[in-house]
Amino acid sequence: VLRIPLINGIVKDVQLNLFMRTLAVMVKRDVPLLHSLTVSNKVFQNMIIAESFSSVQAELKSGRKLSKALGKSCYMPSKAVKLLQIAERSGEVALMLDKIAKACERSSKIRLKRLMVALEPVIITVLALIVGAVVMALVMAIMQMNSVVQ
């Protein structure tokens, strides 16, 4: 799925949205960060993306900041990493995680709308061909019945 050009961005955004939103809720409720990451890693539905985030806990245990640990994943946008760095300095990590999740959600909705706009003419053309084939089959059947009667 991640190799299909029109769909990979949507999948990445949706997966990142789920992860960030789960992590934000748990951090906001004062759940320890390592436990929050354990639970948040379970929301991934794509194993490739989940694998890229699997080393985050080990990075945190070795003393790295959350932004640096998440930044090691190729699926984490660099803008989100920079925003998390600022949030770590200001102490508003939960709020920033929620904002990143909302940004991912908006991005996935925009990408999905673009995909639908791009696919709409194709869908209409395919349906028109199917209807045309059905009409032609009916006309041919009527013509054959007419030739049999005469």
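For the structure, check the block above.
*Asks:* How should the overall build of the protein chain be read in this particular structure?
*Replies:* From N to C terminus, the protein chain includes 7 helices and 0 strands. Traced from its N-terminal end to its C-terminal end, the protein chain shows the element sequence α-α-α-α-α-α-α. Compactness check: the protein chain gives a C-alpha radius of gyration of 25 Å against a globular reference of 15 Å for 150 residues, more than 25% above the reference. By residue count, 34% of the 150 residues in the protein chain fall in the buried class. Taking contacts inside the protein chain between residues at least 6 apart in sequence as the whole, the part at least 24 apart equals 50%. About 10,000 Å² of surface is accessible on the protein chain, with carbon and sulfur atoms providing 65% of the total. Side-chain charges in the protein chain split into 21 positive and 9 negative, and the spacing between the mean points of these groups amounts to 3 Å.

*Asks:* Whenever I open this one, the environment of Q85 confuses me. Can you help?
*Replies:* Here Q85 lies in helix α6 (residues 78–90). Residue Q85 is classed as partly exposed on the basis of its relative accessible area, which comes to 22%. Spatially, the C-alpha atom of Q85 lies 8.0 Å from that of K68, the residues being 17 residues apart in sequence. Residues contacting Q85, with those up to four places away along its chain left out, are S67 and K68.

*Asks:* Would you mind showing me how to read the packing of aromatic side chains here?
*Replies:* Each aromatic ring pair is summarised here by two numbers: the centre-to-centre distance and the angle between the ring planes. Within the structure shown, the criterion is met by 3 aromatic pairs. A centroid spacing of 5.0 Å and a plane angle of 15° characterise the contact between F19 and F44, whose relative ring orientation is stacked. Residue F19 is found in helix α1 (residues 5–28), and its partner F44 is found in the loop between α2 (33–41) and α3 (47–52); the two are separated by 25 residues along the sequence. F19 gets classed as buried once you look at its relative accessible area, which sits at 0%.

Rules of the game
- Residues numbered from 1 in each chain as written.
- Predicted model: local features only at pLDDT ≥ 70, side-chain atom pairs only at ≥ 80, totals over all residues.
- Heavy atoms only, no water.
- Helix = DSSP H or I, 4+ residues; strand = E, 2+ residues; numbered from the N terminus.
- Rg over C-alpha atoms; globule rule 2.2 N^0.38 Å.
- Buried < 20%, exposed > 50% of the residue type's maximum accessible area, 1.4 Å probe, protein only.
- Contact = heavy atoms within 4.5 Å.
- Areas by Shrake-Rupley, 256 points an atom, 1.4 Å probe, with all protein chains shown as cover.
- Lys, Arg positive; Asp, Glu negative; His and termini not counted.
- Charge placed at Lys NZ, Arg CZ, Asp CG, Glu CD.
- Phe/Tyr/Trp six-rings, centres within 6.5 Å; stacked < 30°, edge-to-face > 60°.

Fair warning: the whole summary comes from geometry, so function is off the table for now.
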